[in-house]
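Listed below are the residues making up each chain.
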Amino acid sequence: MAVMIFVGSYFLILNIIGFVMMGIDKRKAIKGAFRIPETTLFIVALIGGSIGSICGMYTFRHKTRKWRFVYGMPLILFLQLVLLILLFFYSPFRFLTI
C-alpha cells in the first residue's frame, strides 16, 4: 500500500510540475524573457508528467501550434498508458500488488 501512495504522489507531483512549467514558459514568452527549453518540457512529460503538460498546453494556450507538442505530448501519454497496462497485466511481480 505504501508503494501505491509513493507512486501516486510521484505522478501527482510531476503532473503539477508539468502544468506549472507550461504556465511559466507562457508567461516568459509573453514578456520576452529567457524560456524553458523544449527538451526540458518533454523530459518532464516523459518521466510521468504528460497529463499535466497537456493540460497546461491547452489551459495556457501554449505550444499548441507546434506539431511536436500537439502530437508528441499525446503520443507520450499513449505510450505511458500502454506501458502501464503491460506492467499491470504482464508483470512478474503482480503478486506483490495487493
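Structure: above.
Below you will find a few notes about this structure.

Thresholds, definitions, all that
In this convention, every chain numbers its residues from 1, walking through the sequence in written order. Reporting in this predicted model follows two pLDDT cut-offs: at least 70 for local features of residues, and 80 or more for side-chain atom pairs to be given and counted; totals over whole chains, interfaces and linings ignore these cut-offs and use all residues. Values shown for side chains rest on all heavy atoms present in the structure; no hydrogens or waters enter the calculation. Numbered from the N terminus, helices here are DSSP runs of H or I no shorter than four residues, and strands are runs of E no shorter than two. To measure how exposed things are, a 1.4 Å probe is used in the Shrake-Rupley method; for residues, cover is taken only from the protein chains shown. Only Phe, Tyr and Trp rings are paired, with Trp represented by its six-membered ring, and only when their centres lie within 6.5 Å; those with planes under 30 degrees apart are stacked, over 60 edge-to-face, the remainder tilted. Only protein chains enter the area calculation, which uses a 1.4 Å probe; residues under 20% of their type maximum are buried, those over 50% are exposed, and those in between are partly exposed. Note on definitions: angles span 0 to 180 degrees between N-to-C directions of axes, and those axes are lines fitted to C-alpha atoms, for helices only across the stretch in contact. Should an angle fall under 35 degrees it is taken as roughly parallel, and over 145 as roughly antiparallel, whereas 65 to 115 is taken as roughly perpendicular and any remaining angle as oblique. Here a crossing is called left-handed whenever its near helix is offset anticlockwise from the far helix by less than a right angle, and right-handed whenever the offset is clockwise. For this scheme, ten residues count as nonpolar: Ala, Val, Leu, Ile, Met, Phe, Trp, Tyr, Cys and Pro. Four count as charged, namely Asp, Glu, Lys and Arg, and the remainder, Gly too, count as polar. Only buried residues count toward a nonpolar core, which is a set of Ala, Val, Leu, Ile, Met, Phe, Trp, Tyr and Cys residues joined through side-chain atoms within 4.5 Å. Contact between two residues is taken to exist if any of their heavy atoms lie within 4.5 Å; hydrogens are not considered. Within this analysis, patches are made of residues with over 30% relative accessible area and no salt bridge. Like charges are joined at 9 Å or less; nonpolar side chains (Val, Leu, Ile, Met, Phe, Trp, Tyr) at 5 Å or less. The term salt bridge refers to a pairing of a side-chain nitrogen on Lys or Arg with a carboxyl oxygen on Asp or Glu at a separation within 4 Å. Multiplying 1.5 Å by the residue count of a helix minus one yields the expected span of that helix.

What follows deals with the overall build of the chain. Along its length, the chain carries three helices and zero strands. Going residue by residue from the N terminus, the α and β elements of the chain occur as α-α-α. The C-alpha extent of the chain, read off along each of the three principal axes, is 50 × 25 × 20 Å. In the structure as shown, the chain presents an accessible area of about 7,300 Å², 77% of it carried by carbon and sulfur atoms.

Attention shifts here to the packing of aromatic side chains. Taken as a whole, this structure holds three aromatic pairs when the rule is applied. Between Tyr 10 and Phe 11 the ring centres are 5.1 Å apart and the planes differ by 80°, which places this aromatic pair in the edge-to-face class. A relative accessible area of 36% places Tyr 10 in the partly exposed class. The class of Phe 11 is partly exposed, set by a relative accessible area of 37%.

Their axes nearest at 7 Å, the elements helix H1 (residues 2-31) and helix H2 (residues 38-59) cross at an angle of 60°. When the axes of H1 and H2 are compared, the pair comes out oblique. Judged by the sense of rotation from one axis to the other, the crossing of H1 with H2 is right-handed. For the contact of H1 with H2, the class distribution of residues is 13 nonpolar, ten polar and one charged.

It is worth spelling out the nonpolar core at this point. Counting twelve residues, the largest nonpolar core consists of Met 21, Met 22, Ile 36, Leu 41, Phe 42, Val 44, Ala 45, Ile 54, Met 57, Phe 69, Met 73 and Ile 76. For this core, the secondary-structure elements that each account for two or more residues are H1, H2 and helix H3 (67-90). Phe 69 has contacts with Met 22, Glu 38, Leu 41, Phe 42, Met 57, Lys 63 and Pro 74, leaving out every residue within four places of it along the chain.

Below, the discussion takes up a nonpolar patch on the surface. Among the surface-exposed residues, Leu 75, Phe 78, Leu 79, Val 82, Ile 85, Leu 86, Phe 88, Phe 89 and Tyr 90 lie close enough to one another that they form a single nonpolar patch of about 960 Å² accessible area. Structurally, Phe 78 can be placed in helix H3.

Turning our eyes to something else, we now look at the packing of H2 against H3. Direction vectors running N to C along H2 and H3 enclose 100°, while the axes themselves pass 9 Å from each other. Comparing the axis directions of H2 and H3 gives the class roughly perpendicular. Looking at the contact of H2 with H3, its residues break down into 15 nonpolar, five polar and two charged.

Let's shift gears to the pattern of salt bridges. Between side chains of opposite charge, a pair can form as their charged atoms come close. By the definition in use, this model includes four salt bridges. Put simply, Glu 38, Lys 63, Lys 66 and Arg 68 are held in one network by salt bridges that share partners.

What follows is about H3. Given a rise of 1.5 Å per residue, 24 residues ought to cover 34 Å, and the 33 Å separating the end C-alpha atoms of H3 matches this to within 8%. Those residues of H3 that sit buried are Phe 69, Gly 72, Met 73 and Ile 76. Along its buried surface, H3 packs onto H1 and H2.

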